[in-house]
Amino acid sequence: MTVSYAAGALLVLGCSLCASLSLVSEKRKRIIHTEAILGLILHVRSNIDHFLTPIDGIFAEYRNETLESCGFSAVLRNSGIDGAVSSHTASLSDETEAVLAYFSRNLGGGYKDDQLNLCDYCCEKLEAELEREREELKRNLSVYRFAPPIFALFIILCFL
């Protein structure tokens, strides 16, 4: 085995470990962002139910560390939910984006009870999506951790 082969093998193995960590990190970040979005909708529901706050005012006062750090909140305050979702600053699944699009289309277009029902419906959908994402991570965690390094070892052994 030459030095260049060993260096290449270490590089391939290192890259596979980085890919593995990135996969797990992205899945966890998606769960955290979905939880934060669920908190946003619960905040909207609470403000509509208790104070009848206008939608712009609800978004202007909403603070969440997770959504602030990724930039979602800043876009939300400037462009609304549609703009924040289309900016892709938060890591969200297609299902979560669809729920937010539905929420955005129907928010502010009815009486108080209609808005509360909308919030409840979207919360139920997001909770189901959150549970699905958690189960998927739990079920596939070992695959995300071990498949890239095993594949890298296979490639390294093929070139021996």
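Residues numbered from 1 in each chain as written. Predicted model: local features only at pLDDT ≥ 70, side-chain atom pairs only at ≥ 80, totals over all residues. Heavy atoms only, no water.

Undergrad: Outline the side chain of Thr 96, listing residues and values.
TA: Inspection of the secondary structure assignment puts Thr 96 in helix H5 (residues 94-106). Aside from chain neighbours lying at most four places away, what touches Thr 96 is Thr 34, Leu 126, Glu 129 and Glu 133. (Helix = DSSP H or I, 4+ residues; strand = E, 2+ residues; numbered from the N terminus. Contact = heavy atoms within 4.5 Å.)

Undergrad: Can you lay out the packing of helix H1 (residues 3-51) against helix H6 (residues 112-158) for me, pointing to particular residues and giving the numbers?
TA: One can describe the packing of H1 onto H6 by two numbers: an axis separation of 9 Å at closest approach and a directional angle of 175 degrees. Our classification of the angle between H1 and H6 gives roughly antiparallel. Split by residue class, the contact of H1 with H6 holds 29 nonpolar, 4 polar and 13 charged. (Axes fitted to C-alpha atoms, helices over the stretch in contact; angles between N-to-C directions. Parallel < 35°, antiparallel > 145°, perpendicular 65-115°, else oblique. Nonpolar A, V, L, I, M, F, W, Y, C, P; charged D, E, K, R; others polar.)

Undergrad: Give a detailed account of the nonpolar core, specifying residues and quantitative values.
TA: Ile 41, Val 44, Phe 59, Phe 72, Ile 81, Phe 103 and Leu 107 are the most contacted members of the largest nonpolar core, which has 34 residues in total. In this structure Ile 81 touches Phe 59, Leu 76, Leu 100, Phe 103, Ser 104 and Leu 107, once residues within four positions along its chain are discounted. (Core = buried A, V, L, I, M, F, W, Y, C linked by side-chain atoms within 4.5 Å. Buried < 20%, exposed > 50% of the residue type's maximum accessible area, 1.4 Å probe, protein only.)

Undergrad: Describe the pattern of salt bridges, and please don't skip the residues or the numbers.
TA: Side-chain pairs of opposite charge can arise where the charged atoms are in close proximity. The tally for this structure, following the rule as stated, stands at 9 salt bridges. Residue Arg 134 is joined to Glu 35 by a salt bridge in which the shortest nitrogen-to-oxygen separation is 2.3 Å. Linking Arg 134 in helix H6 with Glu 35 in helix H1, this pair joins segments that are 99 residues apart in sequence. Given a relative accessible area of 36%, Arg 134 falls into the partly exposed group. (Salt bridge = Lys/Arg side-chain N within 4 Å of Asp/Glu carboxyl O.)

Undergrad: I'd love a proper account of helix H4 (residues 72-87), names of residues and values included.
TA: The end-to-end C-alpha distance of H4, which contains 16 residues, comes to just 8 Å, noticeably less than the 22 Å that a straight helix rising 1.5 Å per residue would cover. Its maximal kink placed at Ser 79, H4 deviates by approximately 135 degrees. Of the residues making up H4, those classed as buried are Phe 72, Ser 73, Leu 76, Gly 80, Ile 81, Gly 83, Ala 84 and Val 85. Tucked inside the fold, the buried residues of H4 contact H1, helix H2 (55-61), helix H3 (65-70) and H5. (Expected span 1.5 Å × (residues − 1). Bend = angle between axes of the 7 residues up to and from the residue.)

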